[in-house]
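# Observations on chain architecture
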Amino acid sequence: MVFSPVASIAADYPSRPITFIVPWGPGGGADQVARIVSKLVEPELKTSVPVVNMPGATGQTGLTKLVTSPADGYTIEVMTGDTLALFAAKNSRFKLEQITPLAVMIQQPSGFFSSVTGSLQSWADVEKAVADKELRMAVTGYGSPDDMSVNFFKAKGMKFQSVSFAEPGMRYASVVGGQSDLLYEQAGDVRSFIDGKQMKPVLFFSKKPVEGFEDVAYSGKLGYNVYLPQFRVIIARSGTDPAIVKTLSDALAKVAQSKEYRDYLKLQYAEADSFIGPEDSLKFMKGWLSEASALSQNNAATTAAK
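These notes cover the structure that comes with them. Quick caveat, the model's predicted, so the values are computed rather than measured.

This part covers the pairing of strand β5 (residues 110–115). With 6 of 6 residues buried, β5 lies mostly within the body of the structure. In this structure, β5 lies alongside strand β8 (residues 182–186), joined through 5 bridges in antiparallel fashion. Across the sheet, residue phenylalanine 113 finds its bridge partner in β8, namely leucine 183. One ladder, built from 6 bridges, connects β5 with strand β9 (residues 199–205); its direction is antiparallel. Paired with phenylalanine 113 across the strands is proline 201, a residue of β9.

An ideal rise of 1.5 Å per residue puts 24 Å on 17 residues; helix α2 (residues 29–45) measures up with 23 Å between its terminal C-alpha atoms. Within α2, the axis deviates most sharply at lysine 39, by approximately 30°, and proline proline 43 lies no more than four positions further along. Phi turns positive, to about 60°, at lysine 46, one or two residues after α2.

Quick look at the pattern of salt bridges now. Summed over all chains, the structure comprises 10 salt bridges. Of the charged contacts in the structure, one is a salt bridge between arginine 171 and glutamate 185, with a shortest N-O distance of 3.1 Å. Of this pair, arginine 171 sits in helix α7 (residues 168–176) while glutamate 185 sits in strand β8, and the two are 14 residues apart along the sequence. Since its relative accessible area comes to 3%, glutamate 185 is described here as buried.

This brings us to the packing of α2 against helix α11 (residues 259–267). Between α2 and α11, whose axes approach to 10 Å, the crossing angle comes to 165°. Compared by their axis directions, α2 and α11 come out roughly antiparallel. For the pair α2 and α11, the crossing hand works out as right-handed. Counting all contacts with α2, which are made through Gly29, Gln32, Val33, Ile36, Val37, Lys39 and Leu40, the residues of α11 involved are Glu260, Tyr261 and Tyr264. Each residue belonging to the contact of α2 with α11 can be placed in one class, and the counts come to 6 nonpolar, 2 polar and 2 charged.

This next bit is on the sheet that holds strand β1 (residues 19–22). Taking strand neighbours across the sheet as the criterion, the 5 strands line up as β2-β1-β3-β10-β4 in an open arrangement whose pairing is mixed. Of all the strands in the sheet, just β2 (51–53) and β4 (99–108) have a single pairing partner and so form its edges. Averaged over all pairs of adjacent strands, the angle between their axes in this sheet comes to 25°, without regard to strand direction. With 8 bridges joining them, β4 and strand β10 (residues 230–237) adopt antiparallel strand pairing. Its bridge partner being in β10, isoleucine 106 is matched across the sheet by arginine 232. On the sheet, helix α3 (residues 60–67) packs against β1, β3 (75–80), β4 and β10 and is oriented at approximately 150° with respect to β3. Contacting β3, β4 and β10, helix α10 (residues 242–257) runs over the sheet at an angle of about 10° to β4.

Further remarks concern the nonpolar core. In this structure, Phe112, Trp123, Phe153 and Phe160 are the most contacted members of the largest nonpolar core, which totals 44 residues. A total of 5 residues in this core trace back to one element, the largest contributor, which is helix α12 (residues 278–304). Non-local contacts of phenylalanine 112, meaning those with residues more than four positions away in its chain, are made with Trp123, Met137, Val150, Phe153, Leu183, Tyr184, Lys200, Pro201, Val202, Leu203 and Phe205.

Moving on, we come to the sheet that holds β8. Sheet strands pair by backbone hydrogen bonding; their relative direction is either parallel or antiparallel. Pairing in this open sheet of 5 strands is mixed, and the strands run β7-β6-β8-β5-β9 from one edge to the other. The sheet is open, and its two borders are formed by β7 (160–164) and β9, each paired with just one other strand. Between one strand axis and the next, the sheet turns by 35° as a mean value, whatever way the strands run. Relative to β8, strand β6 (residues 135–139) runs parallel, the two sharing 2 bridges. Counterpart to alanine 138 in the pairing with β8 is leucine 183. Packing against the sheet, helix α6 (residues 145–154) makes contact with β5, β6, β7, β8 and β9, and its axis sits at approximately 170° to β7. This element, α7, spans β5, β6, β8 and β9 of the sheet and lies at about 135° to β8.

Calculation rules
Residues numbered from 1 in each chain as written. Predicted model: local features only at pLDDT ≥ 70, side-chain atom pairs only at ≥ 80, totals over all residues. Heavy atoms only, no water. Buried < 20%, exposed > 50% of the residue type's maximum accessible area, 1.4 Å probe, protein only. Helix = DSSP H or I, 4+ residues; strand = E, 2+ residues; numbered from the N terminus. Pairing = 2+ DSSP bridges. Expected span 1.5 Å × (residues − 1). Bend = angle between axes of the 7 residues up to and from the residue. Salt bridge = Lys/Arg side-chain N within 4 Å of Asp/Glu carboxyl O. Axes fitted to C-alpha atoms, helices over the stretch in contact; angles between N-to-C directions. Parallel < 35°, antiparallel > 145°, perpendicular 65-115°, else oblique. Left-handed = near helix turned anticlockwise from the far one by under 90°. Contact = heavy atoms within 4.5 Å. Nonpolar A, V, L, I, M, F, W, Y, C, P; charged D, E, K, R; others polar. Core = buried A, V, L, I, M, F, W, Y, C linked by side-chain atoms within 4.5 Å.

Here is the structure:
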């Protein structure tokens, strides 16, 4: 009897540690998701899943490492909307065909946040301020959803300047310390700053009030057609054996169902039904990318028309 080496490898998977890439610095939302998922998925996979931070180029440094690693399931990555948005560019270095989504693990509304001790205490304060001077907005990178959202308001004549910080800690500190006027982020990622009375949201990108922040302005109510919720999807390189993909996806589904992970979603002000399995993750990502592309094109058209 002849045994297939590929079938044997899939049957033995995983037989060694799985590297979990975070293409951002420590402390941010992607890092937080990776670390709790790593902790909870290790017992399911019966192997260690060490987290490795590889920040740079709006997540492209880590993504390059993933797509140049063997398609054997021993390298996975948490990818965010910030990096996926770059796929919309005509000269993008990456294509969806290069990756295989395993599961969307978290979805959160994004927003603009200000320092509690500053003068920007509401969206009305921001609207008044940008009429007279340029405000600095801390973002993850140029071409990201952060930057696209800032450009949406710039196209409407509001004076904003995106300032890129690859390291989450530096991004947050810039707002608390006054080097930046505002921050584009998700409430859960800066919860410690909110609870510590250092930051507050002034605008959310949502079609409905955000739970826990019902008194904060949101884009849907104001008539701003910009949403782009943040999400984190765990991916593998395309070409990975379907049996290995199933092993990983099944383990992640169990993590998502655990009480500890559901409690984590609440702590992050995330959608309770954030989890999307592998069958629908790609569809979700394509829809999100389409929305990002439309926003980018609309920004460009509005600016050109002026």
